There are 2 protein chains.
Amino acid sequence: MSDLPRAVEIFEEGPREGFQIEPGPIATSRKVELIEALSATGLGSIQVCSFVNPARVPGMADADAVVDALRPRPGLRYRALWLNEKGLQRALGHGETLSLAGMIVLSASEPFLMRNQNRTIADNLREQRAQIGVYRRHGIPVERILVMAAFGCNFAGDIALESVLETVRDGIDLVAEEGVAVETISLADTMAWATPRSIKRVVGAVRERWPTHRISLHLHDTRGLGLANAYAGLEMGIDSFDSSVAGLGGCPFAGHKGAAGNVCTEDLVFLCEEMGIRTGIDLERLIDAAQLAEEIVGHPLPGSVMRGGSLRRFRAPA
Amino acid sequence: MSDLPRAVEIFEEGPREGFQIEPGPIATSRKVELIEALSATGLGSIQVCSFVNPARVPGMADADAVVDALRPRPGLRYRALWLNEKGLQRALGHGETLSLAGMIVLSASEPFLMRNQNRTIADNLREQRAQIGVYRRHGIPVERILVMAAFGCNFAGDIALESVLETVRDGIDLVAEEGVAVETISLADTMAWATPRSIKRVVGAVRERWPTHRISLHLHDTRGLGLANAYAGLEMGIDSFDSSVAGLGGCPFAGHKGAAGNVCTEDLVFLCEEMGIRTGIDLERLIDAAQLAEEIVGHPLPGSVMRGGSLRRFRAPA
């Protein structure tokens, strides 16, 4: 009936997204507790922290301590984010625990780049080229070409499909020139402009031009369309998504769905598993982890299934 | 790229859903204020109250006063719900203001019928036949065959497609035998079991057998799939939905999305309009009405777009 994939891979970003934005303070031990709970769900990838300036992001000041406390499990990749070489150096200090992977970070909207990083598209391409050099020096694979604002932008408005394709083309050319292999093109709905229709249009056009690359979706739920957009992606055969347990990462001061950040992991897992798409994740354990996340941050988080519950109890034999 | 309809019709149920369930007392004038705000959005149908036992549903004790205070607008149908002839008699007293329409209420799950109304399917069919007689006597059209639990049931588990088709068949046969014309088959995901995949399967099978009937969806958002399911319906050409402004009707004691009831009207309108599907509704005014609803009930409601905002301000010329 469609191109629904048989299985999907989910990249959990909740601990980094959530603890970065929470007004906190949250004890290191509680952060580790959540990561350990997530580690027992079957998730294959968990972004556990970012190595950034603690003066700017106090919630990540204990990033080293968090990673030090983790007990790596076979088959589970702990990931981290960094924004510059100083952060990368910190991440490199945890080479035994973390799976380090680089990204080429591009934007389909130049106004967004200017606003957030004070860079033109040309400036950013030079910067990304330099980053590839750094990754090469450290033997770090480049995993993704990430296209921010691929579906619309608060500073540029609607984004023409051609702009997205040019941006992907820039990334593909860049890695080719630098002799780096990159498997995944990640399309990010950074400001929650996507609809199922635009997901299909953009994914279809990118796949048509680069049919051998894997396409991944990074969706935000600010306007409630996160799961509808994920479903549209599934219908296009997308089998790779970023998400956050309980919807961690929404605005910490609102504590309700309207302030949502990333699409919620357990809601996405529910969507997939109920349609027969394997995630490899134990939904009941994931719901437990989501409830733990809410307890840790101390305010309501946007997830639905963590409240509505799975359907298992209605199906279990009496 | 799909069978997306060019326009959809939305049946607003928020005032009835919400004020029925809120613990509050809420002043009659405030209920009327919300209905008037909704009346100015372009909505074509608003269910304003139910005529039920005030001892059981205190929030509807002022139903007559609410209707008395309305100023009917041309082209806008104010609707009401009733559960027995006593309620219908009260509704008939407002014949100038209300657009009275009957429903054949069936369930694809017998355990659900037994649990909620202590009736077998056979009992219920007799009851519905009697109802048709009542409607005929009063000259009230029968608008819908409503199938509750069409996608799953907390008391029966998964619902076989055959059960849904048999239930629709029962309704079609009943109205045929009684010589009544019914245009719409309404499929209700009463307990939030549907997925986009089951929406497509059930809608497709019902349409195949009864291609001249209009199919309408009544979706709940308890597990976060409300809009994904609505999108799946749109892809099947569904052009008729029930919904509640701001998601009114969720559990009043939780005040968050997890307790959601009906799919949220302004989120549904956003989904449609952003994909080029006309709703006839002014989204900005509807967002204002949703915020008014939240102010009136005094706690957060599940809607997303009412917090995230529409995209208009980002597109407007500078």
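Our structure's up above, just so we're on the same page.
This section reports on the structure supplied with the text.

Calculation notes
Residues numbered from 1 in each chain as written. Chains lettered and ligands numbered in written order. Predicted model: local features only at pLDDT ≥ 70, side-chain atom pairs only at ≥ 80, totals over all residues. Heavy atoms only, no water. Helix = DSSP H or I, 4+ residues; strand = E, 2+ residues; numbered from the N terminus. Rg over C-alpha atoms; globule rule 2.2 N^0.38 Å. Buried < 20%, exposed > 50% of the residue type's maximum accessible area, 1.4 Å probe, protein only. Contact = heavy atoms within 4.5 Å. Areas by Shrake-Rupley, 256 points an atom, 1.4 Å probe, with all protein chains shown as cover. Lys, Arg positive; Asp, Glu negative; His and termini not counted. Charge placed at Lys NZ, Arg CZ, Asp CG, Glu CD. Polar contact = N/O pair within 3.5 Å; in protein donor to acceptor, adjacent residues only side chain to side chain. Phe/Tyr/Trp six-rings, centres within 6.5 Å; stacked < 30°, edge-to-face > 60°. Lys NZ or Arg CZ within 6 Å of the ring centre and 35° of its normal. Least-squares fit on C-alpha atoms with pLDDT ≥ 70 in both. Buried area = accessible area lost by both parts, 1.4 Å probe. Salt bridge = Lys/Arg side-chain N within 4 Å of Asp/Glu carboxyl O. Nonpolar A, V, L, I, M, F, W, Y, C, P; charged D, E, K, R; others polar. Pairing = 2+ DSSP bridges. Axes fitted to C-alpha atoms, helices over the stretch in contact; angles between N-to-C directions. Right-handed = clockwise from strand over helix to strand, strands pointing away. Left-handed = near helix turned anticlockwise from the far one by under 90°.

## A few points about the overall build of chain A
When helices and strands are counted, chain A shows 13 helices and 8 strands. Computed over the C-alpha atoms, the radius of gyration of chain A is 19 Å, within 12% of the 20 Å expected from 2.2 N^0.38 for a compact globule of 318 residues. In terms of overall dimensions, chain A has a C-alpha envelope of 60 × 50 × 35 Å along the principal axes. The buried share among the 318 residues of chain A stands at 60%. The long-range share in chain A, meaning contacts at least 24 apart out of those at least 6 apart in sequence, stands at 77%. Approximately 12300 Å² of chain A is accessible, and the part contributed by carbon and sulfur atoms is 49%. Averaged over its 33 positive side-chain charges, chain A has a centre that lies 0 Å from the centre of its 40 negative ones.

## Here we look at the environment of Asn124 of chain A
Residue and element names in this part refer to chain A. Mapped onto the secondary structure, Asn124 falls in helix H6 (residues 121-138). Note on Asn124: relative accessible area 2%, which makes it buried. Along the primary structure Asn124 and Arg197 are separated by 73 residues, whereas in three dimensions their C-alpha atoms are 29 Å apart. Beyond its immediate chain neighbours, meaning those up to four positions away, Asn124 contacts Val105, Leu106, Leu113 and Arg119. A polar contact of 2.9 Å, which involves the side chain of Asn124, links it to the side chain of Arg119.

## What about the packing of aromatic side chains?
For any pair of aromatic rings, geometry is given as the distance between the ring centres together with the angle between the planes. Taken as a whole and judged by the stated rule, the model has 7 aromatic pairs over all chains. Centre to centre, the rings of Phe112 of chain A and Phe155 of chain A are 6.4 Å apart; their planes meet at 25 degrees, and the pair counts as stacked. Taken together, the residues span a long stretch of sequence, with Phe112 of chain A in helix H5 (residues 110-117) and Phe155 of chain A in the loop between strand S5 (142-148) and helix H7 (161-177) at a distance of 43 residues. On the basis of relative accessibility, which here comes to 9%, the residue Phe112 of chain A falls in the buried class. Centre to centre, the rings of Tyr231 of chain A and Tyr231 of chain B are 6.3 Å apart; their planes meet at 70 degrees, and the pair counts as edge-to-face. Taken as a pair, Tyr231 of chain A in helix H9 (residues 226-235) and Tyr231 of chain B in helix H9 (residues 226-235) lie in two separate chains rather than in one. The buried category is assigned to Tyr231 of chain B, whose relative accessible area is 1%. If you follow Arg144 of chain A out to its NZ or CZ, it ends over the ring of Phe11 of chain A, 4.9 Å from the centre.

## Observations regarding the relation of the copies chain A and chain B
If you rotate chain A by 180 degrees and push it 0.0 Å along the axis, it lands on chain B with an RMSD of 0.1 Å. In symmetry terms, the pair is related by a two-fold rotation axis. When C-alpha positions in chain A are compared against the rotation axis, the closest is assigned to Ala228 of chain A, at 1.9 Å. Comparing contact sets, 98% of the residues at the interface of chain A also lie at the interface in chain B, consistent with an isologous, same-surface contact.

## Some details on the interface of chain A and chain B
Contact residues are listed per partner, giving 41 residues for chain A and 40 residues for chain B. Summed over both partners, the interface of chain A with chain B comes to about 3500 Å²; 67% of that surface belongs to carbon and sulfur atoms. A salt bridge links Glu235 of chain A to Lys200 of chain B; its shortest N-O distance comes to 2.4 Å. Our count for the chain A to chain B interface comes out at 12 residue pairs in polar contact (both at pLDDT 80 or more). At the level of secondary structure, the elements contributing two or more residues to the side of chain A that touches chain B comprise helix H8 (196-209), H9, helix H10 (265-274), helix H12 (305-308) and helix H13 (312-315) of chain A. Classifying every residue of the side of chain A that touches chain B by side-chain character gives 17 nonpolar, 12 polar and 12 charged.

## Comments concerning the sheet that holds strand S7 (residues 214-218) of chain B
Residues and elements named next belong to chain B. Taken in spatial order, the 8 strands make up an open sheet running S3-S2-S1-S8-S7-S6-S5-S4, and their pairing is parallel. Strand pairing shows two members of the sheet lacking a second neighbour, strand S3 (77-82) and strand S4 (102-107), which therefore form its edges. Pairwise comparison of adjacent strand axes, ignoring direction, gives a mean angle of 25 degrees for this sheet. Here 4 bridges tie strand S1 (residues 9-12) to strand S8 (residues 240-243), and the two strands are oriented parallel to one another. Bridge pairing in S8 places Glu12 opposite Ser243. Sitting on the sheet, helix H6 (residues 121-138) is in contact with S3, S4 and strand S5 (142-148), with an inclination near 175 degrees to S4.

## Points about the pairing of strand S7 (residues 214-218) of chain A
Residue and element names in this part refer to chain A. Among the 5 residues that make up S7, 4 are buried, leaving the element largely enclosed by the rest of the structure. Pairing of strand S6 (residues 184-188) with S7 involves 5 bridges; the strand directions are parallel. Across the sheet, the residue bridging to Ser186 is Ser216, located in S7. As for the winding sense of the linkage, the β-α-β connection from S6 through H8 to S7 is right-handed. Judged from the 2 bridges that link them, S7 and strand S8 (residues 240-243) form a sheet pairing that is parallel. Bridge pairing links Leu217 to Phe241 in S8. Of the crossover connections in this fold, the one passing from S7 over H9 to the parallel S8 is right-handed.

## A short note on the sheet that holds strand S1 (residues 9-12) of chain A
Residues and elements named next belong to chain A. Strand order in this open sheet of 8 strands is S3-S2-S1-S8-S7-S6-S5-S4, and the pairing throughout is parallel. Here the strands that pair on one side only, and so sit at the sheet edges, are strand S3 (77-82) and strand S4 (102-107). In this sheet, neighbouring strand axes are inclined to one another by 25 degrees on average, regardless of whether the strands run parallel or antiparallel. Contacts from H8 reach S6 and S7, with the element oriented near 155 degrees to S7.

## Examining the packing of helix H8 (residues 196-209) of chain B against H9 of chain B
All names here are of chain B. Between H8 and H9, the least distance of the axes is 8 Å, while the angle of their chain directions is 35 degrees. Helix-helix and strand crossings are classified by hand; for H8 and H9 the assignment is right-handed. Contacts from Pro196, Ile199 and Lys200 of H8 reach H9 at Ala228, Asn229, Ala232, Gly233 and Glu235.

## A word on helix H10 (residues 265-274) of chain B
Here H10 of chain B lies mainly inside the structure; 8 of its 10 residues are buried. Every buried residue belonging to H10 of chain B is among Thr265, Glu266, Asp267, Leu268, Val269, Phe270, Leu271 and Cys272 of chain B, and all of these are buried. Tucked inside the fold, the buried residues of H10 of chain B contact H8 of chain A together with S1, H9, S8, helix H11 (283-297) and helix H12 (305-308) of chain B. Looking one or two places after H10 of chain B, you find Gly276 of chain B, whose phi comes out positive at around 85 degrees.

## Describing the side chain of Ser50 of chain A
Residue and element names in this part refer to chain A. Residue placement: Ser50 occurs in strand S2 (residues 45-51). Separated by 3.2 Å, the side chains of Ser50 and Gln20 make a polar contact. Discounting residues that sit within four places of it in the chain, Ser50 has contacts with Arg16, Gln20, Met60, Ala63 and Leu81.

Just distances and angles here, no functional claims.
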